[in-house]
Amino acid sequence: MAQAVRELITLQVGHYANFVGTHFWNLQEASFVYDSSSVTDINHDFLFREGLTPQRQETYTPRLLCIDVKGSLCSLPSRGSLYNPIQPEPSISEAAWDGPVDLIQQLPEEKNEYLMDLEQEDARFLGGTDEDKDICIDDSSVFSKGPENHLALSQKVYDLTKSVSVWSDFLRPHLHPNSIYLLDDTSVKIGRPSGNNDEKIWGFPSGSALFCKEEVEDEITDRIRLIAESCNNLQGFQVLSDVHDGMGGVSFGILQHLADEYGSKDSITFATTPSHLSSLTPQARILMKASIIQSYTELSKLSSVFVPLNLRQHCWDFQAPYVTFPCLTVMENNAYITSSVMAAFVDTAGLVCRSRTSPMSLSCVVDLLTPARRNIVGGSLALPLGLSCDQGILEWLQQGNKTHLVSMSGGCNFTLDPISEIRIIRGVPSSRLLRPDTKLPPGLHYENASQIYRDYLQESQIPPSVRKVAGVEDPIKITPPFPSIFSEVLTEDGFVNTSGIVAPSRIMKSAPCEAGLHQSGGMGHLLHDLQTAAQNLNVAKVPSLLDEGFDKDGWSALVEDLRTITLNYCLDNIDSDNSDD
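Quantities reported herein were computed from a predicted structural model and do not represent experimental measurements.

So, how was this worked out
Residues numbered from 1 in each chain as written. Predicted model: local features only at pLDDT ≥ 70, side-chain atom pairs only at ≥ 80, totals over all residues. Heavy atoms only, no water. Phe/Tyr/Trp six-rings, centres within 6.5 Å; stacked < 30°, edge-to-face > 60°. Helix = DSSP H or I, 4+ residues; strand = E, 2+ residues; numbered from the N terminus. Buried < 20%, exposed > 50% of the residue type's maximum accessible area, 1.4 Å probe, protein only. Pairing = 2+ DSSP bridges. Axes fitted to C-alpha atoms, helices over the stretch in contact; angles between N-to-C directions.

Chemist: Residues and numbers for the packing of aromatic side chains, please.
Modeler: Enumeration over the complete set of coordinates arrives at 14 aromatic pairs. Between W25 and F48 the ring centres are 5.3 Å apart and the planes differ by 85°, which places this aromatic pair in the edge-to-face class. Here the residue W25 occupies a position in helix α1 (residues 15–30), and F48 occupies one in strand β2 (residues 48–52), the gap between them amounting to 23 residues. Like F48, W25 is buried. Judged by centre distance (5.3 Å) and plane angle (70°), the rings of Y296 and F306 are edge-to-face. Remark: F306 occurs in strand β8 (residues 305–309) and Y296 occurs in helix α7 (residues 282–302); sequence separation between them is 10 residues. F306 shares its class with Y296; the two are buried.

Okay, here's the thing in structure tokens:
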């Protein structure tokens, strides 16, 4: 019997969230299996939908709505090129009269090497090339004719660290024409907070007010409805949202709509904060801290599960140290690189729902991670896993090795007072479970790495009350345009090379890794820090906050809401009522 598909709709709100989302969808396409002799344990139908173009070509596009501001796409048309036939450029010879004709032609946006290669692949199947076309398309998408086209670009090394300025600069898959919505409103100061220009900063209240405009709300909710109507068995939504600017307010409006119209569906919100904000002016930093505090408070109340994502060691301290990953070199101030690490986490964590063999429903994930109304959850990632190329995972664990899980939720120690957790391990094939000469106790048999890892965790550390260990054999595919951030001590398939011989021409293709979703007492420390920051922020004395729309009474109510949330995570060593001193 075919497995019933319970669809998930993805919403990406904000420029950095779309950076993360772009890497996420690139990873999905990289994991597609084109060879009939190969197998995969990933069910892509949860996230993708089939369709037809007006030319009756079959399509396979993400169930996705991207929300950003105008000016965020560069060479990518807002409606894409998938459903629009390519038209030749007009020429003077086509004029309908004999008089003088001036042909005014806008110069196309400059494309990086990767986009130009994708464009050439597209033109090859469309029967012609045109260097001026604004096309961003994947070599393995709707126009591909076989696995050989998918392999063509994967063998090439690209350095996009300096050429990527917006997320569409490295987008692989085709998007549906209704998948992108660009906000355009001149009454608020909107833009990407990437420098010292306060004019580009907008806060949570502006975003919330913008969503409430009839034309904006109708456009967004209509697009969500159209995607939902194409689902046979919708189970919920995954939301990637910026929380450091007005996009947190836009997401607040969206989540309110989901609660009203899709109240029986669950939602998991990944709150993304870029790590490259330290260069902003003091006034800008205050506004962004206030937006983060309000976003965490409001969005967590409306989400079934709320997962903060930040590669600094604190969610709102823009000077806090960065987290570090063994075997990774991460340029912390480069959005293209940092977002790839976040996307690897989101992709791997989501496999618990997308596995073909033993998927969990989103509702079961929510129930496991949210006991006693605690719905703020920490994330962790081990990329790569750390397994040596000459060892089985059982031997590796028995020798005292362990995966190097790094917190993806700034300010959260997920190992403190664990309550419940989900661990997902991927990329360890059946051939790497045991050494051939390994003798197991009678009656003990392992079929996959997740079984070995589950037993190891049960024996080696105090387990939380509830733990789910899941896994797939599919590794994370890190073909272009995933950035080259992996150490030279790794083999091309992501295992630690113990021979000491480094191949300078090595091209990384994949890597085993692990992701975790954790409900623990460590969330109490994160919330306590947020509450303290909110209490110490006197809105009435900050003109930029008053101009943005924050007010004293509203902020006092927000602080009280945050205190109520924090009390639900109260630990013996945290005095959540210190504001009464």
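Now that the structure has been shown, the text picks up again.
Chemist: I'd like a rundown of the sheet that holds strand β5 (residues 180–183), residues and numbers included.
Modeler: What the 6 strands build is an open sheet, ordered β5-β4-β1-β6-β7-β8; its pairing is parallel. The strands lining the two open edges of the sheet, one partner per strand, are β5 and β8. In this sheet, neighbouring strand axes are inclined to one another by 15° on average, regardless of whether the strands run parallel or antiparallel. Of the pairings in the sheet, the one linking strand β7 (residues 266–272) to β8 comprises 5 bridges and is parallel in character. The residue bridging A271 from the neighbouring strand is P308, located in β8.

Chemist: Go over the pairing of strand β4 (residues 64–69), please, and point to the residues and values.
Modeler: Of all the 6 residues making up β4, 6 are buried; the element is thus mostly covered by neighbouring parts of the structure. Taking every second residue as pointing to the same face, both faces of β4 are buried, with L64, C66 and D68 on one and L65, I67 and V69 on the other. Sheet topology places strand β1 (residues 8–13) next to β4; 4 bridges connect them, and they run parallel. In the strand pairing of β4, T10 is matched with L64.

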